Amino acid sequence: MPDIFPPALIFIAAAIVLPVLPKGNLRALFLLAVPLVAAHEIWQLSEGVTHTYELLGYSLTLMRVDQLSIVFGLIFSFAAFLALLYAWHVKDTVQQVTTLLYAGSAIGAVFAGDFVTLFIFWEGTAVASVFLIWARGTEGAYYTGMRYLIIQIASGVILVAGMALHYHETGSLAFGALTLGSLGTWAILIAFGIKAAFPLLHTWLPDAYPAATPTGTVVLSIFTTKLAIYSLARSFAGTEILIYIGTVMVFWPLIYAAAENDLRRVLAYALNNQLGFMVIAVGIGTPLALNGVAAHAVAHILYKSLLFMAMGAVLYRTGTAKASGLGGLYRSMPITALLCIVGGLAMSTPLFAGFVSKSLILSSVAKAYEPLIWAALLFGSAGIFYVAGVRLPYLAFFGEDKFAGAPERPKEAPWNMLLAMGLTAASCFALGLMPATFMSFLPYDVAYDAYTPDHILTQLQVLSFTAIAFFALWRFGLIKRPAPGILVDSDWLNRRLALAIVKLGAYISRNMWGLMSRTATRRLDAFLASIYRAHGPQGPLARSWPAGSMVLWIAVLLGFTLILSFSQSL
Amino acid sequence: MNAKTDTSLPAIARLLGRLDGRMLFWLLVLAGVLLALSDFAYHRHEIFDFEAVPLFYAGFAAASVLVLVLAGGIFRALFKRGENFYAPFSTDSEPPLKAQERDHA
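Residues numbered from 1 in each chain as written. Chains lettered and ligands numbered in written order. Predicted model: local features only at pLDDT ≥ 70, side-chain atom pairs only at ≥ 80, totals over all residues. Heavy atoms only, no water.

Undergrad: Please clarify how the overall build of chain A should be interpreted in this entry.
TA: Helix and strand content of chain A: 21 helices and three strands. A globule of 570 residues ought to have a C-alpha radius of gyration of about 25 Å, yet chain A, at 33 Å, is considerably larger. Expressed as lengths along the three principal axes of its C-alpha atoms, the size of chain A is roughly 125 × 65 × 60 Å. Across the 570 residues that make up chain A, the buried fraction comes to 61%. Counting only contacts in chain A whose residues sit at least 6 apart along the sequence, the fraction spanning at least 24 positions is 80%. When the accessible surface of chain A is split by element, carbon and sulfur atoms take 71% of a total near 21900 Å². Side chains of chain A carry 33 positive and 25 negative charges; the gap between the two charge centres is 16 Å. (Helix = DSSP H or I, 4+ residues; strand = E, 2+ residues; numbered from the N terminus. Rg over C-alpha atoms; globule rule 2.2 N^0.38 Å. Buried < 20%, exposed > 50% of the residue type's maximum accessible area, 1.4 Å probe, protein only. Contact = heavy atoms within 4.5 Å. Areas by Shrake-Rupley, 256 points an atom, 1.4 Å probe, with all protein chains shown as cover. Lys, Arg positive; Asp, Glu negative; His and termini not counted. Charge placed at Lys NZ, Arg CZ, Asp CG, Glu CD.)

Written out as structure tokens, the structure reads:
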């Protein structure tokens, strides 16, 4: 299909052209046009291998098109459009260029047909995205960006090692279904797992996302983790261990999200929890489950972007996204408040996209007859609605008015942020309202009805009693506005414990060396002093140097030589 | 001034002000009771036996919130540190973004 230009290259070409355009509305319009053109190109694609290239004698696949890659390519393009609209007011060329490169790399990876092409774009997402953290321009953001970059690059290095081992074993570089077992496939799984924020590999996510700029976090939330989910669905569908990894992901981050003060970090943990839903579905691996993965990736990108946008707008207008410094904002930011509530509802309420996608995943787990995993997902559904659908909007927009005595109340979000949030909310609603259209985009042709009375009633019960429990516990004082402070996660192990061990090792070796060198110097000094005492000008041997003594010793030596010679001649 | 009656506020803010109080809670309780009663009026098609327990979903959701609140409290007690715990290597202890920084972003 030579007349179709690869969508990834559209973004990359636009990133090269962008700096020469004058800053202002023309550049902002150009930015908005790029993802729309790319989405149009993706829409025109037909299934099959459409673009190949040669590299170091290997024939590689730049574009492998099927329904799974089309779904991810389309949602990445559309989400990039929404994020760029949200960032219309940003005049920073670096952020604009890196957003295009980041989106282009993610879309390039989605269409990659081999591991070499995947690796190139995989690292492209890592390098481009870190600039969205550094753009905050503070010392803390610089160090956070460095930590993020090291982990993301490490993921790429492990991927290339896995790829090399896999090629050595099978002779294939194809980015397709893998069977877990060899060292190479394990390395590839770990590389994907880092970006998918598997347990203990996840800390880059709540560390980095709250450190980026208000608009940068929205962009970050779209691509990296969902690219990893796509890669897992492509290569490890039906891998049982993913069910258990995903279950831990559903539980563990929720507890942090329920206790965190920084509301953008709450959303980062909530994002981690929702990735768990998708990882479980990849592990189930049936066509229904994989449809659930694709559908939930789409829904999740939309509603989580909406929530990040709302918190970004709060940060933009008030300078903080910490619950301890917020409250009562609905008075001055009512539209943002309303759209944030819609974002919370879109996660799992009937008539919204999240309801359809979560029903798909829950049904696939139920059909696989996994009662414990199903119960974990039900817990995750209630929990995510509690932390991101009720607690987060309440802490930011309701309760005590923290700006009552301020000289100037925060203003409503700028028009572009409101428009982007409105379009995102409308998209969540449209997909939930037209499930048949939504399902028609999914990779497998599986009949499924999300809007059965059973699903609707049970889900509404879960949501309403979650909200009732929150408000009741709030009234009883069992839930409070969190105090300032951070929660230490497992990255304490490498940021504090490992550092302390290294410092202790350096201290011990430094002191051991000092002790050894002091002892050796003392011994040497004593030895030299004893020689000096014996042979120095005042030493006893120095005193016996007169000629008489010399003659005596020479006579002794001559006598000894004579005895030896005589004994040999016998 | 009460947000519900403060005419200087936009209409949406006044509407939201009505929700910021007991009204929303009692509306939710009413909706919850009606939904819970549906368990007795409508026969669901359960896949797992435990789903057949009356008020299973309502109770499970409320219990999930309680578990999260308790676990979150324990985590805060165990793992909460000052905002400058990782300073200067994190943004947590940095002052709020200034207006010009927000415009840049």
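Resuming the write-up.
Undergrad: Would you mind going over the overall build of chain B with me for this structure?
TA: A count of helices and strands for chain B gives four helices and one strand. Along its sequence from the N terminus, chain B presents helices and strands in the succession α-α-α-β-α. Every one of the 105 residues in chain B was classed for burial, and the buried ones make up 35%. Within the structure as shown, chain B displays about 6200 Å² of accessible surface, and the carbon and sulfur contribution to it stands at 67%.

Undergrad: Explain a nonpolar patch on the surface here, please?
TA: On the surface, a cluster of nonpolar side chains totalling about 690 Å² of accessible area is made up of Leu 504, Tyr 507, Ile 508, Met 512, Trp 513 and Met 516 of chain A. According to the relative accessible area criterion, Ile 508 of chain A is partly exposed, its value standing at 44%. (Patch = residues over 30% accessible without salt bridge, like charges linked within 9 Å, V, L, I, M, F, W, Y side chains within 5 Å. Salt bridge = Lys/Arg side-chain N within 4 Å of Asp/Glu carboxyl O.)

Undergrad: Would you mind showing me how to read the interface of chain A and chain B here?
TA: By a widely used convention, the size of an interface equals the accessible area lost when the partners come together. Between chain A and chain B, the residue contacts involve 84 residues of the former and 61 residues of the latter. Buried surface at the junction of chain A and chain B, summed over both partners, amounts to about 6600 Å²; 69% is from carbon and sulfur atoms. Three residues stand out in chain A for area buried against chain B, namely Gln 461, Phe 465 and Ile 486 of chain A, and they jointly supply 10% of the buried area on that side. Inspection of the region where chain A meets chain B yields two salt bridges. Joining chain A to chain B, the criterion identifies 16 residue pairs in polar contact (both at pLDDT 80 or more). Looking at which element gives the most residues to the side of chain A that touches chain B, the answer is helix α18 (residues 453-475) of chain A, with 18 residues. When its residues are assigned to classes, the side of chain A that touches chain B shows 52 nonpolar, 17 polar and 15 charged. (Buried area = accessible area lost by both parts, 1.4 Å probe. Polar contact = N/O pair within 3.5 Å; in protein donor to acceptor, adjacent residues only side chain to side chain. Nonpolar A, V, L, I, M, F, W, Y, C, P; charged D, E, K, R; others polar.)

Undergrad: Quick question: what am I supposed to make of the environment of Pro 19 of chain A here?
TA: All names here are of chain A. Its location among the elements puts Pro 19 in the loop between α1 (7-17) and α2 (25-44). Sequence separation between Pro 19 and Val 97 is 78 residues; the distance between their C-alpha atoms is 7.7 Å. Excluding anything up to four places from it in sequence, Pro 19 contacts Arg 27, Thr 93 and Val 97.

Undergrad: I keep staring at the pairing of strand β2 (residues 58-65) of chain A and nothing clicks. Help me out?
TA: Both faces of the sheet carry side chains from a regular strand, because those side chains alternate between them. Residues and elements named next belong to chain A. Counted residue by residue, β2 has six buried out of eight residues, so it is predominantly covered. Pairing of strand β1 (residues 48-55) with β2, which is carried by seven bridges, proceeds in the antiparallel orientation. Bridging from a neighbouring strand, Gly 48 pairs with Val 65 of β2. In this antiparallel pair of consecutive strands, β1 and β2, the connection spans two residues, and Leu 56 shows a positive phi of 50 degrees. (Pairing = 2+ DSSP bridges.)

Undergrad: How do you make sense of the pattern of salt bridges when you look at a structure like this?
TA: A side chain with one charge may pair with a side chain of the opposite charge, provided their charged atoms come close. Residue and element names in this part refer to chain A. Going through the model one piece at a time under the given rule, you end up with nine salt bridges over all chains. With a closest N to O distance of 3.2 Å, Arg 495 and Asp 491 form a salt bridge. Three or more residues are tied together by salt bridges with common partners; here these are Arg 147, Asp 207, Asp 491 and Arg 495.

Undergrad: Explain the environment of Met 421 of chain A here, please?
TA: All names here are of chain A. Counting through the fold element by element, Met 421 comes out in helix α16 (residues 415-433). Its relative accessible area of 0% is what places Met 421 among the buried residues. Measuring from C-alpha to C-alpha, the distance between Met 421 and Cys 340 comes to 8.6 Å, with 81 residues separating the pair along the chain. Dropping the residues within four chain positions of it, Met 421 is found in contact with Leu 306, Met 309, Ala 310, Ala 313, Thr 336, Leu 339 and Ala 413.

Undergrad: Could you clarify how one ought to interpret the environment of His 296 of chain A in this entry?
TA: All names here are of chain A. Looking at the secondary structure, you find His 296 in helix α12 (residues 287-318). A relative accessible area of 0% places His 296 in the buried class. Sequence separation between His 296 and Leu 360 is 64 residues, and the spatial gap between their C-alpha atoms is 8.5 Å. Setting aside anything within four residues of it in sequence, one finds His 296 in contact with Gln 274, Phe 277, Met 278, Tyr 303, Ser 357, Lys 358 and Ile 361.

Undergrad: Hey, could you run me through the UniProt feature "transmembrane region" (unreviewed entry) in chain B in this one?
TA: Residue and element names in this part refer to chain B. The sites that carry the UniProt feature "transmembrane region" (unreviewed entry) are, in the present numbering, residues 24-43 and 55-79. End C-alpha atoms of residues 24-43 are separated by 29 Å, and the span's content is 90% helix alongside 0% strand. Span residues 55-79 is 96% helix and 0% strand, its end C-alpha atoms 35 Å apart. (UniProt positions renumbered as here; feature names shortened; annotations may be inferred.)

Undergrad: Is there a simple way to explain the nonpolar core in this structure?
TA: Ranked by size, the top nonpolar core spans 212 residues in total, and within it Phe 76, Phe 192, Leu 232, Met 311, Phe 397 and Met 421 of chain A carry the most contacts. Those residues in contact with Met 311 of chain A that sit more than four places away from it in its chain are Leu 263, Arg 264, Leu 267, Cys 340, Leu 392, Ala 396 and Phe 397 of chain A. (Core = buried A, V, L, I, M, F, W, Y, C linked by side-chain atoms within 4.5 Å.)

Undergrad: Explain the packing of aromatic side chains here, please?
TA: Any aromatic ring pair is given by two values, namely how distant the centres are and how the planes are angled relative to each other. Residue and element names in this part refer to chain A. Counted under the stated rule, the structure contains 47 aromatic pairs over all chains. Geometrically, the ring pair formed by Tyr 102 and Phe 223 is edge-to-face, given 5.0 Å between the ring centres and 70 degrees between the ring planes. Taken together, the residues span a long stretch of sequence, with Tyr 102 in helix α4 (residues 93-111) and Phe 223 in helix α9 (residues 214-235) at a distance of 121 residues. On the accessibility criterion, Phe 223 (1% relative accessible area) is buried. Cluster of aromatic residues (ring-pair linked, three or more members): Phe 72, Phe 76, Tyr 102, Phe 115, Trp 122, Phe 175, Phe 192, Phe 223, Tyr 230 and Phe 236. The residue whose ring lies beneath Lys 358 is Phe 277, and the NZ or CZ to ring-centre distance is 5.5 Å. (Phe/Tyr/Trp six-rings, centres within 6.5 Å; stacked < 30°, edge-to-face > 60°. Lys NZ or Arg CZ within 6 Å of the ring centre and 35° of its normal.)

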